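Structural overview
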Amino acid sequence: MPITIRDVRAVLTAPAGINLVVVKVETSEPGLFGLGCATFTQRAKAVVTAVAEYLRPLFVGRDAARIEDLWQTGMVHAYWRNGPVLNNALSGVDMALWDIKGKLAGMPLCDLLGGRCREAATVYRHADGREPAAVVERVRDFMAQGYRHVRVQCGGYGGQAARPAAPVGSPPGAYYDPGAYTRTVLRAFEAVREAVGDGVELLHDVHERLAPIEAVRFACDLERFRLFFLEDPLAPEDIGWFGPMRQRTATPLAMGELFNHPLEWTPLITGRLVDFVRMHLSQMGGITPARKVAAMAELHGIRTAWHGPGDVSPVGHAANLHLDLALHNFGVQEWSGFPAPLAEVFPGCPEVRQGYMYPNDRPGLGIDLDEALAGGSMDPGPASRRDGRPPLSSSFDEARMDAPTCPTGPSYPDLAGKVALVTGGGSNIGRAVAERLAVEGAQVIVSGRDAGRLEETLRRLPAGSPSGHALSADLSSPAQVQTLLDEVERVAGRLDILVCNAAYMPRRRFEPQELADEEWDQAVAVNLGGTFRLIRGAFPMLVRGRAPAVVIVSSVGGIRAHHRFAHYDMTKAGLIGLARGLGIDWAAHGIRVNAVAPGAILHEGSRAPVEEPGIPLGRRGLPPEVAAAVAFLASHQAQYICGQTLVVDGGLTAQLTARGQWI
């Protein structure tokens, strides 16, 4: 009897603040299932609907071994095809079926696909900075970690630092100056090559931010830096320009992350107009079409460089890796890192050491999904609460309507015109703090490691608020901390409010006796060392500021312990102590220092339930609620509060026992 498909489910989760869609295919064989990536971040709910309403009824009951036949059936069944929603949904099923086949064979997928051509895959990382000097420092950091391929950006995609002033009355949005962007990037490459020489391969992503003729000229200007490749120089709608570009430049070209249709990649491969294909596996439909494209590319002397940003799930990264290991014409693999929450939700994540990504030795894709931590699927949630109170929302997006968020007008007029630096400003609490301070009329500067997320924060600042700035920085690097402070001085001339929110979240929990020095050192370097160096370095600006205030974002983990998280909790307790000590020492200088300690806070895109019976208020909190506490502590209303920690946890740490329990 064949093993058949018993169920097909889509799970929408966002452990690191980015919407990820994973498909789970269960079979008639007890305990046998497969996982696949179906992530289309910008339209995640549409993919979930396509899986539940269309692919599940189509595939349940069919033979799970017939991968090619099922893929072809799924592609043509709707008649209209080759669009991103259907391709991603179908990819989730396709990858899951390959995962199942590997498990049945008892082999890692790369071995099932013909065996390994290499033991690990070379990866490249992203080095960004507002100025060339910051980019150089980031490149050096990656080289010190063993990476030999680094993508160089300067000021984010399209050069956010080079944006022109928009006309008065313009709607909110991104306004670009292509000439300033290309000149800035060329200066960055010149600085990097001068600083580190030719011992590292450099890449750059245009991200389709240039008109075709500008892209041709830019590719020619980059030739002297001998790039490993120039990524996405043209939009999919402009692929006809690859011919003229190829004739005029020797800069290697990579293309494909937005491609859905075979007619987009086929002419570039058969015409030998690019050097690397870098499609997003789920966007093109999964492993099945990717193998065929790779074979076609090999016949034409073209290598692979699959798309691997943060909006690829760890399941998708595992699929990328197994193809990388099995394909003779592998080139390089993009990798943006696995934040700690991802590694917990997806046990078995590939590991990167000294610039190489390694798989584990488990069969199939080798990765699992902890659905309890992921927050489950897109179920609407309970209709009522067990204690008889009104029902709560079932997701972060809906919860925004249930709890206080950013006010539409200022609550603290004294914050208007102040300059505020918010670290870790690319998502969640940091983003909410930036939005709240902007509503209050402050000029907000956000910093973080991901320039793209910082740009998104700036786009979300309310219309009519003072113009914001984004500065890339890694607080574990003393040099980057100083560069960040120098940039704040340059763009604003002073600093009135410093919100220290950047933090290192360990990749997973450890039994204390198994905790490695590297994990301990990293937690201390960012959470304690980076925060202290930033505050200390900001003192000269703060002491000149207007009613200056420092707010440190700690955690309830600094007050009450998490199991197997001692290294994280220790740093958060240290931050509470730092706020207390600096509070009394700097009071004489007129600088108030306080801390906030958030509890269980939902992050953007989370599908974790809002309801939480173990918390006295009955629910998890939202980032804007933490931001409200930060704004209060930064304001004149808190002028007599110094060295204190304001706990924002719904009563979690105040209770001795949960409701209905006795000691």
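No experiment lies behind these values; they were computed from the predicted model shown.

1. Overview of the overall build of the protein
Along the backbone of the protein there are 21 helices and 20 strands. For the protein, the residues scored as buried account for 56% of the 663 residues in total. At a minimum sequence separation of 6, the contacts of the protein that also span at least 24 residues come to 72%.

2. Comments concerning the pattern of salt bridges
Evaluated as defined, the whole model comprises 30 salt bridges. Note that Arg353 and Glu351 form a salt bridge whose closest N and O atoms lie 3.2 Å from each other. Judged by relative accessible area, Glu351 falls into the partly exposed class, the value being 42%. When salt bridges with common partners are traced through the structure, they connect Arg151, Asp205, Glu231, Glu257, Arg278 and Glu334 into a single cluster.

3. Comments concerning empty space enclosed by the protein
Applying the stated criterion across every chain yields a total of 5 cavities of 30 Å³ or more. For the second largest cavity, the full set of lining residues is Asp128, Gly129, Ala134, Arg138, Gly448, Arg449, Ser472, Ala473, Asp474 and Gln480. Among the residues making up the lining of the second largest cavity, the classes are represented as 2 nonpolar, 4 polar and 4 charged.

4. Comments concerning the state of the cysteines
According to the stated counting rule, one finds 0 disulfides in the structure shown. Its sulfur unpaired, Cys117 is 9.8 Å from the next cysteine sulfur, which belongs to Cys110.

5. Let's talk about the side chain of Lys572
Within the secondary structure, Lys572 sits in helix H20 (residues 566–586). In this structure Lys572 is buried but unpaired, with Asp569 as the nearest side chain of opposite charge at 9.0 Å. Each residue touching Lys572, except ones within four places of it in the same chain, is listed here: Ala503, Val553, Ser554, Ser555, Gly557 and Gly558.

6. Quick look at the sheet that holds strand E1 (residues 5–13)
Strands sit in the order E1-E2-E3 across an open sheet of 3 strands; the sheet is antiparallel. Bordering the open sheet on either side are E1 and strand E3 (33–37), each of which pairs with just one other strand. Going across the sheet, the axis of each strand differs from the next one's by a mean of 20°, ignoring polarity. Helix-sheet contacts for helix H12 (residues 314–326) involve strand E2 (20–27) and E3, and the interaxial angle to E3 is about 90°.

7. Here we look at the packing of helix H3 (residues 84–105) against helix H11 (residues 287–299)
Interaxial distance between H3 and H11 falls to 8 Å at its minimum, and their mutual angle equals 85°. Taken together, H3 and H11 sit at an angle that is classed as roughly perpendicular. Residue-level contacts link Asp94, Met95 and Trp98 of H3 to Ile287, Thr288 and Arg291 of H11. Of the residues in the contact of H3 with H11, the class split is 3 nonpolar, 1 polar and 2 charged.

8. Description of the packing of helix H5 (residues 132–144) against helix H6 (residues 178–196)
Taken N-terminus to C-terminus, the directions of H5 and H6 make an angle of 45°; their axes are 9 Å apart at the nearest point. As far as their axial angle goes, H6 and H5 are oblique. Crossing geometry of H5 relative to H6 is assigned as right-handed. From H5, Pro132, Val135, Val136, Val139, Arg140 and Met143 reach across to H6, where they touch Arg187, Ala188, Ala191, Val192, Ala195 and Val196. When grouped by side-chain class, the residues that make up the contact of H5 with H6 number 10 nonpolar, no polar and 2 charged.

9. Some points on the nonpolar core
Residues Val25, Phe59, Leu97, Phe218, Phe242, Trp306 and Phe346 are the most contacted members of the largest nonpolar core, which totals 117 residues. Leaving out residues up to four positions away in the same chain, Phe346 has contacts with Thr13, Leu20, Val22, Pro314, Val315, Ile367, Asp368 and Leu369.

10. What about the sheet that holds strand E16 (residues 469–472)?
Spatial strand order, E16-E15-E14-E17-E18-E19-E20: 7 strands in an open sheet with parallel pairing. Of all the strands in the sheet, just E16 and strand E20 (645–648) have a single pairing partner and so form its edges. The sheet shows a mean angle of 20° between the axes of neighbouring strands, taken without regard to direction. The sheet contact formed by strand E18 (residues 549–553) and strand E19 (residues 592–598) spans 5 bridges and is parallel. The residue bridging Ile552 from the neighbouring strand is Ala595, located in E19. Of the strands in this sheet, strand E14 (419–423), strand E17 (497–500) and E18 touch helix H19 (residues 517–543), which is tilted by about 180° from E17. On top of the sheet, helix H21 (residues 623–634) reaches E17, E18, E19 and E20; it is set at about 165° to E19, its chief contact.

11. Considering the confidence of the model for the protein
In the predicted model, the protein carries a mean pLDDT of 88, and 90% of its residues have values of at least 70. Across residues 376–405, where pLDDT falls below 50, the model places 64 contacts with residues more than four positions away in sequence or in other chains.

12. Digging into the packing of aromatic side chains
Under the criterion given, the structure shown has 10 aromatic pairs. Measuring from ring centre to ring centre gives 5.9 Å for Tyr124 and Phe229, while their planes differ by 85°; the resulting arrangement is edge-to-face. On the criterion of sequence distance, the pair formed by Tyr124 in strand E4 (residues 121–127) and Phe229 in strand E7 (residues 229–231) is long-range, its members being 105 residues apart. Across the pair, Phe229 and Tyr124 agree in class, each one buried. The structure contains a cluster of three or more aromatic residues connected by ring pairs, namely Tyr124, Phe228, Phe229 and Phe276. Stacked on the ring of Phe33, the Lys or Arg Lys24 has its end atom at 4.4 Å from the ring centre. In this structure, Arg353 is placed above the aromatic ring of Tyr358, and the distance from its NZ or CZ to the ring centre is 4.1 Å.

13. What about the environment of Leu20?
Along the chain, Leu20 turns up in strand E2. Looking at Leu20, the relative accessible area reads 2%, which means it is buried. For the pair formed by Leu20 and Ala374, sequence separation is 354 residues and the distance between their alpha carbons is 10.0 Å. Excluding anything up to four places from it in sequence, Leu20 contacts Val11, Leu12, Thr13, Pro15, Thr39, Gly310, Asp311, Val312, Ser313, Pro314, Leu342 and Phe346.

Cut-offs used in this document
Along each chain, residues carry numbers from 1 onward, in the same order as the chain's sequence is written. Given that the model is predicted, a residue must reach a pLDDT of at least 70 before its local features are reported, and side-chain atom pairs must reach 80 or more before they are shown or counted; all residues, however, enter totals for whole chains, interfaces and linings. Working from all heavy atoms in the structure, the side-chain values ignore hydrogens and water. Here a helix means four or more residues in a row that DSSP labels H or I, a strand means two or more in a row labelled E, and each is numbered from the N terminus. We call a residue buried when its accessible area falls under 20% of the maximum for its residue type, exposed when it is over 50%, and partly exposed in between, using a 1.4 Å probe and counting protein chains only. Only heavy atoms enter the contact rule, under which two residues are in contact if any of them lie within 4.5 Å. For this analysis, a salt bridge means a side-chain nitrogen from Lys or Arg found within 4 Å of a carboxyl oxygen belonging to Asp or Glu. Using only the protein atoms, space was sampled on a 1 Å grid; points where a 1.4 Å probe fits but cannot get out form cavities, open sets with protein on both sides within 12 Å along at least five of seven lines form pockets, and lining residues are those with an atom within 4 Å of a point. Grid points are joined across faces, edges and corners, and a volume is the space filled by probe spheres set on the points. Amino acids outside the nonpolar list (Ala, Val, Leu, Ile, Met, Phe, Trp, Tyr, Cys, Pro) and the charged list (Asp, Glu, Lys, Arg) are all regarded as polar, and Gly is one of them. Here, the term disulfide refers to a pair of cysteine sulfur atoms separated by no more than 2.5 Å. Working convention for charge: Lys and Arg count positive, Asp and Glu count negative, and His plus the chain ends are omitted. Criterion used throughout: strands pair if DSSP finds at least two bridges between them. What counts as an axis is a line fitted to C-alpha atoms, over the stretch in contact for a helix, and the angles between N-to-C directions run from 0 to 180 degrees. Note on angle classes: values under 35 degrees are labelled roughly parallel, values over 145 roughly antiparallel, values of 65 to 115 roughly perpendicular, and the remainder oblique. In a left-handed crossing the near helix is turned counterclockwise from the far helix by less than a right angle, and in a right-handed crossing that turn is clockwise. Buried Ala, Val, Leu, Ile, Met, Phe, Trp, Tyr and Cys residues form a nonpolar core when they are joined through side-chain atoms within 4.5 Å. Each residue gets a pLDDT score, which is the predictor's confidence in that residue and runs from 0 to 100. Working definition: rings of Phe, Tyr and Trp (its six-membered ring) pair if their centres are within 6.5 Å, and the pair is stacked with planes under 30 degrees apart, edge-to-face with planes over 60 apart, and tilted otherwise. Charges are assigned to positions over rings by a cutoff of 6 Å between ring centre and Lys NZ or Arg CZ, combined with an angular limit of 35 degrees from the ring normal.

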